[in-house]
Amino acid sequence: MSEPLVVEFEVRATPAVAFATWTERIGAWWPRSHTLSREPAAITFEPRAGGRIVERGPDGAEHPWGEVIAWEPPHRVRYWWHLYFDRAEATQVDVTFREHGGLTRVRIEQSGWEALGAAGPPRRERTQQVWGMLSRIYAEHLGAAAG
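What counts as what
Residues numbered from 1 in each chain as written. Predicted model: local features only at pLDDT ≥ 70, side-chain atom pairs only at ≥ 80, totals over all residues. Heavy atoms only, no water. Helix = DSSP H or I, 4+ residues; strand = E, 2+ residues; numbered from the N terminus. Rg over C-alpha atoms; globule rule 2.2 N^0.38 Å. Buried < 20%, exposed > 50% of the residue type's maximum accessible area, 1.4 Å probe, protein only. Contact = heavy atoms within 4.5 Å. Areas by Shrake-Rupley, 256 points an atom, 1.4 Å probe, with all protein chains shown as cover. Lys, Arg positive; Asp, Glu negative; His and termini not counted. Charge placed at Lys NZ, Arg CZ, Asp CG, Glu CD. Expected span 1.5 Å × (residues − 1). Phe/Tyr/Trp six-rings, centres within 6.5 Å; stacked < 30°, edge-to-face > 60°. Salt bridge = Lys/Arg side-chain N within 4 Å of Asp/Glu carboxyl O. Polar contact = N/O pair within 3.5 Å; in protein donor to acceptor, adjacent residues only side chain to side chain.

Enquirer: How should I be thinking about the overall build of the chain in this particular structure?
Expert: When its secondary structure is counted, the chain shows three helices and seven strands. Here the chain has a C-alpha radius of gyration of 15 Å; the compact-globule value for 147 residues is 15 Å, and the two agree. Seen through its principal axes, the chain has C-alpha atoms that stretch 40 × 40 × 25 Å. Each of the 147 residues in the chain was classed as buried or not, and the buried ones make up 44%. Within the chain, contacts between residues at least 6 apart in sequence are counted, and of these 48% link residues at least 24 apart. A total accessible area of about 7300 Å² is found for the chain, and carbon and sulfur atoms account for 53% of it. One finds the centroid of the 17 positive side-chain charges in the chain at a distance of 2 Å from the centroid of its 19 negative side-chain charges.

Enquirer: Teacher, can you tell me more about helix 3 (residues 120–142) here?
Expert: One full turn of an α-helix is made of 3.6 residues, so residues set three or four places apart face in the same direction. Taking 1.5 Å per residue, 23 residues should reach 33 Å; helix 3 reaches 31 Å between its end C-alpha atoms and fits that length. Buried residues belonging to helix 3 abut strand 1 (5–11), helix 1 (15–23), helix 2 (26–29), strand 5 (76–81), strand 6 (91–100) and strand 7 (103–111).

Enquirer: How should the packing of aromatic side chains be read in this particular structure?
Expert: A complete count under the given rule lists 16 aromatic pairs for this structure. For the pair Trp-22 and Trp-131, a centre-to-centre distance of 5.9 Å together with 25° between the ring planes defines the contact as stacked. Here Trp-131 lies in helix 3 and Trp-22 lies in helix 1, a separation of 109 residues in the sequence. Residues Trp-22 and Trp-131 agree in their burial class; the two are buried. Considering the side-chain rings of Trp-65 and Trp-81, the 5.6 Å spacing of their centres and the 90° angle between planes classify their relative orientation as edge-to-face. Residue Trp-65 is found in strand 4 (residues 62–72), and its partner Trp-81 is found in strand 5; the two are separated by 16 residues along the sequence. Since its relative accessible area comes to 0%, Trp-65 is described here as buried.

Enquirer: Can you help me understand the pattern of salt bridges in this one?
Expert: Two side chains with opposite charge may pair up if their charged atoms get near one another. In this structure the tally under the stated criterion is 13 salt bridges. The partner of Arg-48 in a salt bridge is Glu-46, and the shortest N-O contact between them spans 3.4 Å. Residues Glu-109 and Arg-107 are paired through a salt bridge, measuring 2.5 Å at the closest nitrogen-oxygen approach. By relative accessible area, which is 24% here, Glu-109 ends up partly exposed. By relative accessible area, which is 30% here, Arg-107 ends up partly exposed.

Enquirer: Looking at this model, I keep getting lost on the environment of Ser-2. Mind explaining?
Expert: Structurally, Ser-2 is set in the segment before strand 1. Sequence separation of Ser-2 and Phe-97 is 95 residues, and the distance between their C-alpha atoms is 24 Å. In contact with Ser-2, other than residues within four places in its own chain, are Trp-113 and Glu-114.

Enquirer: When you look at the side chain of Glu-46 in this model, what are you seeing that I'm missing?
Expert: The topology assignment puts Glu-46 in the loop between strand 2 (42–45) and strand 3 (52–56). Accessibility expressed as a relative area gives 18% for Glu-46, which makes it buried. Side-chain polar atoms of Glu-46 contact the backbone nitrogen of Arg-52, separated by 2.8 Å. In this structure Glu-46 touches Gly-51, Arg-52, Val-68 and Trp-71, once residues within four positions along its chain are discounted.

Here it is in structure tokens:
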């Protein structure tokens, strides 16, 4: 069984602002290089359990990234994640936002690697590097804090 991938860091924002930036304003900080269209018109979390996570290209085409499992603003969003992969290869991402000494502690936990068989360990390793980069971009967008 593969261990979940965990990334933790702090940002200078309230949990409500951190949650909204992750879910409602993802297009403001998510790098275009990590999208399917490379020029998304929008990236949207439908704000409910069962909602889609979708990129809309400049031509209006929709590119599914995942589905929301739990929607608990401002403290948690959990979703199936399959950006770049078929839905059958989705992993689960659980992002929590907790107040911590005037900052917000963001914790990303991604699991389900074992369902990918032999592809799981190398994909987990690549994903760990990507989350490291994405978390820095997100934190810089909000105002990074040590952590």
